[in-house]
Amino acid sequence: MAQEIKSLIHNPEEYHRKMQILYKSVTYDEHNVIKKVIGEAVSDTKCHTIRVLSVGSGNGQREHVLITLLSERFPEVFYTGVDPAEEELRQFNTFSVSKKAQKQWENVEFEFHNETIEDYIDNKGEIAGKFDLVVAIHSVYHFTDPVTTIKQLYDMLEDGGVLVNLMQSGDIGKLAMEIGKHYYDPKNWFIDAEWVEEKMRERIPDAKITTVIQPQTCKINACFDEQSSEGNDLLDFITQIPNFRKTIPKEIKDEIMESLNNKKRIDPNGDIFINWDAGYLLIRKEEKKLH
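Rules and cut-offs
Residues numbered from 1 in each chain as written. Predicted model: local features only at pLDDT ≥ 70, side-chain atom pairs only at ≥ 80, totals over all residues. Heavy atoms only, no water. Axes fitted to C-alpha atoms, helices over the stretch in contact; angles between N-to-C directions. Helix = DSSP H or I, 4+ residues; strand = E, 2+ residues; numbered from the N terminus. Parallel < 35°, antiparallel > 145°, perpendicular 65-115°, else oblique. Contact = heavy atoms within 4.5 Å. Nonpolar A, V, L, I, M, F, W, Y, C, P; charged D, E, K, R; others polar. Expected span 1.5 Å × (residues − 1). Buried < 20%, exposed > 50% of the residue type's maximum accessible area, 1.4 Å probe, protein only. Phe/Tyr/Trp six-rings, centres within 6.5 Å; stacked < 30°, edge-to-face > 60°. Left-handed = near helix turned anticlockwise from the far one by under 90°. Disulfide = S-S within 2.5 Å. Arc of directions from axis to C-beta. Pairing = 2+ DSSP bridges. Right-handed = clockwise from strand over helix to strand, strands pointing away.

Overview of the packing of helix 1 (residues 12-25) against helix 9 (residues 229-239)
Right, so step 1: Where helix 1 contacts helix 9, the two axes come as close as 9 Å, and the packing angle between them is 105°. Comparing the axis directions of helix 1 and helix 9 gives the class roughly perpendicular. In this structure, helix 1 uses Tyr15, Arg17, Lys18, Met19, Ile21, Leu22, Lys24 and Ser25 to contact helix 9, whose residues at the interface are Glu230, Asp233, Leu234, Asp236 and Phe237.
Right, so step 2: Grouping the amino acids of the contact of helix 1 with helix 9 by side-chain chemistry returns 6 nonpolar, 1 polar and 6 charged.

Given below as structure tokens:
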């Protein structure tokens with residue numbers, strides 16, 4: 001039976017600090033992929049104004065490419081960002097103001113909500129209106145009930161609207177599922193894109209669901225060096241377990257490290273990598289046909 005733990009997300013500052021270490025280790029340009037996938041997702045949207053809901057918008061580090069894309073494509077953009085991390089959202093608000101001061105994003109109207117997506121749906125769901133695009137970038141893991149919340153977000157889409165969930169896939173997703181056999185945290189689900197896709201096909205059988213897998217790798221040499229502070233931080237983020245090496249029982253720690261070792265790939269230079277594929281799960285609400 002899985003044991004309840006407090007995962008890394010309970011300490012937002014440490015979570016975001018260790019996430020920066022991951023960014024240095026991952027070998028693909030996430031910004032351009034986000035631009036490509038979401039650009040194609042909204043390519044058939046013909047409206048003058050696009051309404052966007054971003055779940056777990058953070059400090060705007062990932063969102064700015066998306067907002068720039070939409071501001072260039074649509075005359076008006078209404079962007080709603082929801083995130084429980086107050087400091088991250090404050091930085092995003094400051095960033096948006098500075099962009100407008102630079103004569104950018106002038107056609108974008110921002111609205112920020114410092115709360116969980118569950119609280120936002122409970123407090124604002126009925127009055128928030130419908131959205132043409134809902135984006136959740138690596139935030140589904142932190143939903144209280146991922147399947148229920150994704151269904152609620154789907155229900156907030158306009159007909160023809162699309163919900164884009166970016167999640168871990170491939171080997172890193174499989175590792176998360178393996179960790180989930182031992183541990184659970186109501187604020188951090190150990191799941192991957194494939195698990196979510198299967199559940200949503202059952203929950204929303206009428207939706208058009210497609211998955212786009214973007215191959216990428218993560219350099220993990222330092223994870224196998226117990227004396228490396230950066231390696232330990234990266235290992236904490238990979239497993240989402242704070243102080244992984246010190247807090248996990250030896251038997252489980254050895255099992256997880258063996259699984260990581262079995263998934264590794266070594267290049268000709270001797271560098272060690274793991275597949276850190278990104279799974280873009282697109283759920284589109286079909287437009288109602290007129291009879």
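Still more to cover.
Remarks on helix 1
Residues that lie three or four places apart on an α-helix share one face, since the helix turns once every 3.6 residues.
Right, so step 1: Here helix 1 contains 14 residues, and its C-alpha end-to-end distance of 20 Å stays within 8% of the 20 Å for a straight helix at 1.5 Å per residue.
Right, so step 2: What helix 1 keeps buried is the set Tyr15, His16, Lys18, Met19, Ile21, Leu22 and Ser25.

Here we look at the packing of aromatic side chains
Right, so step 1: Summed over all chains, the structure comprises 9 aromatic pairs.
Right, so step 2: Here tyrosine 15 and phenylalanine 237 contribute two aromatic rings whose centre-to-centre distance is 5.2 Å and whose plane-to-plane angle is 50°, an arrangement assigned as tilted. Of this pair, tyrosine 15 sits in helix 1 while phenylalanine 237 sits in helix 9, placing them 222 residues apart in sequence. Comparing tyrosine 15 with phenylalanine 237 shows no difference in burial state: the two are buried.
Right, so step 3: When the ring of tryptophan 105 is compared with that of phenylalanine 110, the centres are 5.7 Å apart and the planes differ by 45°; the resulting orientation is tilted.
Right, so step 4: Residue phenylalanine 110 is classed as buried on the basis of its relative accessible area of 18%.

Let's talk about the packing of helix 7 (residues 170-180) against helix 11 (residues 250-263)
Right, so step 1: The N-to-C vectors of helix 7 and helix 11 enclose an angle of 165°; their axes lie 11 Å apart at closest approach. When the interaxial angle is binned, helix 7 and helix 11 end up roughly antiparallel. The two elements helix 7 and helix 11 cross, and the hand of that crossing is right-handed. Across the interface between the two elements, Asp171, Lys174, Leu175, Glu178 and Ile179 from helix 7 touch Ile256, Ser259, Leu260 and Lys263 from helix 11.

Describing the state of the cysteines
Right, so step 1: The tally for this structure, following the rule as stated, stands at 0 disulfides.
Right, so step 2: Here cysteine 218 is not disulfide-linked; the sulfur of cysteine 223 is the nearest cysteine sulfur, at 6.9 Å.
Right, so step 3: Since its relative accessible area comes to 0%, cysteine 223 is described here as buried.

Some points on helix 4 (residues 86-101)
Right, so step 1: Over its 16 residues, helix 4 runs 23 Å from end to end, which matches the ideal 22 Å to within 8%, given 1.5 Å per residue.
Right, so step 2: Those residues of helix 4 not exposed but buried are Glu88, Leu89, Phe92, Ser96 and Lys99. On an axial view of helix 4, the arc spanned by its buried residues comes to 95°, and they lie on one face. Set apart from the buried face of helix 4 by more than 90 degrees, the exposed residues are Glu86, Val97 and Ala101.

Regarding the sheet that holds strand 8 (residues 208-214)
Right, so step 1: Spatially, the 7 strands line up as an open sheet ordered 4-3-2-5-6-12-8, and their pairing is mixed. Across the chains shown, the open sheet's two edge strands, defined by having one partner strand only, are strand 4 (108-113) and strand 8. Recorded for the sheet is a direction-independent mean angle of 15° between the axes of neighbouring strands.
Right, so step 2: As paired elements, strand 5 (residues 131-137) and strand 6 (residues 157-168) share 6 bridges and run parallel to each other. Its bridge partner being in strand 6, alanine 136 is matched across the sheet by asparagine 165.
Right, so step 3: Contacts between helix 6 (residues 146-155) and the sheet are confined to strand 2 (49-55), strand 5, strand 6 and strand 12 (278-284), with strand 6 contributing the most and set at about 145° to the helix.
Right, so step 4: In this fold helix 8 (residues 193-203) packs onto strand 6, strand 8 and strand 12, with an angle of close to 175° to the strand it touches most, strand 8.

Structural notes on the pairing of strand 2
Right, so step 1: Strand 2 sits mainly inside the fold: 5 of its 7 residues count as buried.
Right, so step 2: Bridging between strand 2 and strand 3 (residues 76-82) involves 7 bridges; their strand directions are parallel. Bridging from a neighbouring strand, serine 54 pairs with glycine 81 of strand 3.
Right, so step 3: Viewed along the sheet, the connection from strand 2 through helix 3 (residues 63-73) into strand 3 turns out right-handed.

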